[in-house]
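Listed below are the residues making up each chain.
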Amino acid sequence: SSAVYTSDKDKNILTEVFYDVEGNPTADNDGIFEAHYTWDGTLRTSASFFENGEPASNLNGVHEIRYEYNGDGKITRTSYFDADGNPVMGEDGFSVQATEYLASGKAAAVRYYDDRGALILTPGKTYAYQRTEYSEEGDSYTVSSYDMEDNLMIVSGYAAPVCELDEEGRVIRTTWLD
């Protein structure tokens, strides 16, 4: 199978249509024939449709994904919606992923919410969210995990890893603090 794309003058993908090996429109693994994307300098939405143009949802009921950005162009919120515009839980086990950033532009915390807007445990994990703190020199950072009441948690027997970075920002050593 293959996908055919249309783009705007800025080379942003506007539509994605799926075809079988004989060139006939076909559904992808989620039963979706076509995806539409909206842009305003950054990706704002992606939505799925059936072959007849009617709104389609994937196996988790997600029809549309919406993206919000901060002034620096970093994604601050990713939200999942059904064809009626109602929040739904995505395949990753959350409805909203919200990311907070430091003034330096580095990610500081990521939180996950259910389709009612309530903070939930991080999908597949035992903590509600993680907070990243960076050294003043920028050569290391610590990732700490917190529960639903904002208490520091011990995850996998450790409270927080401290990651040391090389000049290019790659992790060169991780030390686990208990």
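Values in this document were obtained by computation on a predicted structure and should not be read as measured data.

Chemist: Which residues make up the environment of His63, and what values go with them?
Modeler: If you trace the backbone, His63 turns up in the loop between strand E4 (43-49) and strand E5 (64-69). Only 2.8 Å separates the side chain of His63 from the backbone oxygen of Ala56, close enough to count as a polar contact.

Chemist: How would you summarise unusual backbone geometry if you had to cite specific residues and measurements?
Modeler: In terms of backbone geometry, most residues other than glycine have negative phi values and most peptide bonds are trans. A positive phi angle is found at Lys11, which is not glycine, with a value near 70 degrees. You can see Lys11 is positioned in the loop between strand E1 (2-7) and strand E2 (13-19). A relative accessible area of 73% means that Lys11 is categorised as exposed. Despite not being glycine, Asp150 shows a phi value in the positive range, around 75 degrees. Looking at where Asp150 falls in the secondary structure, it is placed in the loop between strand E10 (140-146) and strand E11 (160-165). Look at Asp150 and you get partly exposed, because its relative accessible area is 42%.

Chemist: Quick one: what's the story with the layout of surface pockets, residue by residue and with numbers?
Modeler: Put simply, the largest pocket is a space of about 260 Å³. Around the largest pocket, the lining is made up of 18 residues, and of these Asp30, Ser46, Ser48, Asn58 and Ile65 lie nearest the centre. Considering every element that reaches the lining of the largest pocket, the biggest residue donor is E4, with three residues. Of the residues assigned to the lining of the largest pocket, the class counts are eight nonpolar, five polar and five charged.

What counts and how
- Residues numbered from 1 in each chain as written.
- Predicted model: local features only at pLDDT ≥ 70, side-chain atom pairs only at ≥ 80, totals over all residues.
- Heavy atoms only, no water.
- Helix = DSSP H or I, 4+ residues; strand = E, 2+ residues; numbered from the N terminus.
- Polar contact = N/O pair within 3.5 Å; in protein donor to acceptor, adjacent residues only side chain to side chain.
- Buried < 20%, exposed > 50% of the residue type's maximum accessible area, 1.4 Å probe, protein only.
- 1 Å grid on protein atoms, 1.4 Å probe; cavity = no way out; pocket = protein on both sides within 12 Å on 5 of 7 lines; lining within 4 Å.
- Points joined across faces, edges and corners; volume = space filled by probe spheres on them.
- Nonpolar A, V, L, I, M, F, W, Y, C, P; charged D, E, K, R; others polar.

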